Amino acid sequence: MNRHSLSQGAVGWVIFALALGAGFSVASIYYSQPLLPLMGNDLHLTVNGMGLVPTLTQAGYALGILFLLPLGDRYDRRRLILLKSAALALLLLACSLTSHLPSLLIVSLLLGMAATMAQDIVPAAAILAPEGKQGKMVGTVMTGLLMGILLSRTVSGFVGAAFGWRVMYQFAAVSIALIGLLMWSVLPRFATHSTLSYPALMKSVAHLWQRYPALRRAAMAQGFLSIAFSAFWSTLALMLLEKYQLGSAIAGTFGIAGAAGALAAPLAGGLADKVGAEKVTQLGAGLVTVSFALMFLLPVLPPHGQLVLIALSAVGFDLGLQSSLVAHQNLVYGLEPQARGRLNALLFTGVFIGMAVGSALGSKLYSIASWQGVVVLATVSGLVALVIRLFDARQVQQAAQKA
């Protein structure tokens, strides 16, 4: 069964299910962030040791995207999603049973790789979307994915505070098992777009990277935005505990502020359909930069004012980052539709390399220069992404003039 055998109503239901699946699966790699102080206390970890947990998870996600996601162009996505959901559920359960840092880090790396089922789901939305509504449909699924990223912190913060971090991972394992069954029941079979062997498929990924400068700039720009995003969220719980004596539950509530920004993802997709993805990426990168720069005002505000500003900044930079991401996906998917899986792999490899770098650098800078160092890193990263997008717009304009 393919897209053309689905009714409009069926497409709407499947897109909703895809959004739900994307949210729950990607949430798996973010549950740890508000729980880091609890995990550190239980396992006797240093600040750098705690920082390695999200770093390895996001590095695993980047590796999974690069080496596993291209399989979506070669095999039925429905089957790949089922296999990854089973692996992810088992790894989340294993994470809840770890008692030493080395085993926790190994499981975190593998967990990140299995969680890439979220990125098998996003191209599926583009394939199933009616003609002319690809941006809106991808934006809808991305809203589910991004709400999973942001609300995962809220859920894990409260569950961890009430029942402990291990229970949170057990709850997550059950949720992924159920999501896997849902995906299997509602998704159609997907036609494959390539008969290449795995080595040839990976070679074609390298060729796509070389062939499309727009793809390279999109991956780099979104990667720098991800450095800023990850540095903030990887250190927020530690900062709130040390500076304001606020626990994991309060740290998790900041995810609600960020989720408000994620709600704009479908709007960003629709806007990209109308005014062009390039404009939306520039606006998104600019908003990220300004939102982080506002936090330089924290020292002049009273404590309650500081917390309000942090929450407002979270709304702003999440809105900018998610809008930019949806627009970048629109840009990349249009380059070569039959290679969506591989193009998506390259874009999100850049995103999660940025995530891993942001976690590592954020933890390091926090231990050296406190929160101010994290804010500097995030602001500079957003500014670099904005420069890349402005340069890309100039390149497109010059190419149009030559044509």
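Residues numbered from 1 in each chain as written. Predicted model: local features only at pLDDT ≥ 70, side-chain atom pairs only at ≥ 80, totals over all residues. Heavy atoms only, no water.

(A) Structural context of the overall build of the chain. Along its length, the chain carries 15 helices and zero strands. For 403 residues, the compact-globule estimate of 2.2 N^0.38 gives 22 Å, and the chain sits close to it at 20 Å. The principal-axis extents of the C-alpha atoms in the chain amount to approximately 55 × 50 × 40 Å. Going through the 403 residues of the chain one by one, you find that 59% of them count as buried. (Helix = DSSP H or I, 4+ residues; strand = E, 2+ residues; numbered from the N terminus. Rg over C-alpha atoms; globule rule 2.2 N^0.38 Å. Buried < 20%, exposed > 50% of the residue type's maximum accessible area, 1.4 Å probe, protein only.)

(B) Region of the structure containing the pattern of salt bridges. Within this structure, the stated rule accounts for four salt bridges. For Arg 166, the salt bridge identified is with Asp 42, shortest N-O distance 3.1 Å. You can see Arg 166 sitting in helix H8 (residues 165–186) and its partner Asp 42 sitting in helix H2 (residues 32–43), a full 124 residues away along the chain. Owing to a relative accessible area of 25%, Arg 166 belongs among the partly exposed residues under this scheme. Looking at Asp 42, the relative accessible area reads 35%, which means it is partly exposed. The salt bridge partner of Lys 84 is Asp 120, with a shortest N-O separation of 2.7 Å. In this pair, Lys 84 is assigned in helix H4 (residues 77–97) and Asp 120 in helix H6 (residues 117–128), connecting sequence segments 36 residues apart. You'll find Lys 84 and Asp 120 in the same group, each marked buried. (Salt bridge = Lys/Arg side-chain N within 4 Å of Asp/Glu carboxyl O.)

(C) Region of interest: the nonpolar core. By size, the foremost hydrophobic cluster in this structure holds 114 residues, and its most contacted members are Leu 18, Phe 232, Phe 352 and Trp 371. Among the elements that line this core, the one with the most residues is helix H15 (residues 340–402), at 16 residues. Those residues in contact with Trp 371 that sit more than four places away from it in its chain are Phe 232, Thr 235, Leu 236, Met 239, Met 295, Leu 298 and Tyr 366. Ala 272, Val 280, Ala 327 and Leu 331 belong to the second-largest nonpolar core, a separate cluster that totals six residues. (Core = buried A, V, L, I, M, F, W, Y, C linked by side-chain atoms within 4.5 Å. Contact = heavy atoms within 4.5 Å.)

(D) Focus on the environment of Ile 176. Along the chain, Ile 176 falls in helix H8. The class for Ile 176 is buried, based on a relative accessible area of 1%. With 149 residues separating them in the primary sequence, Ile 176 and Ala 27 have C-alpha atoms 9.9 Å apart.

(E) Summary view of empty space enclosed by the protein. Counted under the stated rule, the structure contains three cavities of 30 Å³ or more. Its volume calculated, the largest cavity comes out at about 90 Å³. The wall of the largest cavity is formed by 14 residues, among which Ile 149, Leu 325, Val 351, Phe 352 and Met 355 lie closest to the centre. Take the lining of the largest cavity: its biggest share by element is four residues, from H15. The class makeup of the residues in the lining of the largest cavity is 10 nonpolar, four polar and no charged. (1 Å grid on protein atoms, 1.4 Å probe; cavity = no way out; pocket = protein on both sides within 12 Å on 5 of 7 lines; lining within 4 Å. Points joined across faces, edges and corners; volume = space filled by probe spheres on them. Nonpolar A, V, L, I, M, F, W, Y, C, P; charged D, E, K, R; others polar.)

(F) Geometry of the layout of surface pockets. In this structure, the largest pocket spans a volume of roughly 190 Å³. Taken together, 13 residues form the lining of the largest pocket, with Gly 23, Phe 24, Ala 27, Gly 148 and Leu 151 sitting closest to its centre. Listing elements by their share of the lining of the largest pocket, those giving two or more residues are helix H1 (8–27) and helix H7 (134–163). Ranked by the residues each element gives to the lining of the largest pocket, the list is headed by H7, at six residues. Across the lining of the largest pocket, the residue classes tally to nine nonpolar, four polar and no charged.

(G) How the structure looks around a nonpolar patch on the surface. Among the surface-exposed residues, Val 290, Leu 294, Leu 297, Val 300 and Leu 301 lie close enough to one another that they form a single nonpolar patch of about 420 Å² accessible area. By the secondary structure assignment, Val 300 is in the loop between helix H13 (277–293) and helix H14 (303–333). (Patch = residues over 30% accessible without salt bridge, like charges linked within 9 Å, V, L, I, M, F, W, Y side chains within 5 Å. Areas by Shrake-Rupley, 256 points an atom, 1.4 Å probe, with all protein chains shown as cover.)

(H) Quick look at the environment of Met 220. Inspection of the secondary structure assignment puts Met 220 in helix H10 (residues 213–244). C-alpha separation for the pair Met 220 and Ile 353, spaced 133 residues apart in sequence, amounts to 9.8 Å.

(I) Layout of the packing of helix H3 (residues 47–68) against helix H5 (residues 101–114). Axis separation between H3 and H5 bottoms out at 6 Å; the angle between their running directions is 35 degrees. With respect to the hand of their crossing, H3 and H5 are arranged in right-handed fashion. Between H3, through Gly 49, Leu 52, Val 53, Leu 56, Thr 57, Ala 59, Gly 60, Tyr 61, Leu 63, Gly 64 and Leu 68, and H5, the contact on the second element is made entirely by Leu 101, Leu 104, Leu 105, Ser 108, Leu 109, Leu 111, Gly 112 and Met 113. Looking at the contact of H3 with H5 residue by residue, the class counts come to 13 nonpolar, six polar and no charged. (Axes fitted to C-alpha atoms, helices over the stretch in contact; angles between N-to-C directions. Left-handed = near helix turned anticlockwise from the far one by under 90°.)

(J) Molecular detail of the packing of H4 against H5. Close contact between H4 and H5 brings their axes to 9 Å; oriented N to C, the two are set at 160 degrees. Taken together, H4 and H5 sit at an angle that is classed as roughly antiparallel. Note that H4 runs across H5; the crossing there is left-handed. Contacts between H4 and H5 involve Lys 84, Ala 87, Leu 88, Leu 91, Leu 92, Ala 94 and Cys 95 on the former and, on the latter, Leu 104, Val 107, Leu 110, Leu 111 and Ala 114. Partitioned by chemical class, the residues of the contact of H4 with H5 number 11 nonpolar, no polar and one charged. (Parallel < 35°, antiparallel > 145°, perpendicular 65-115°, else oblique.)

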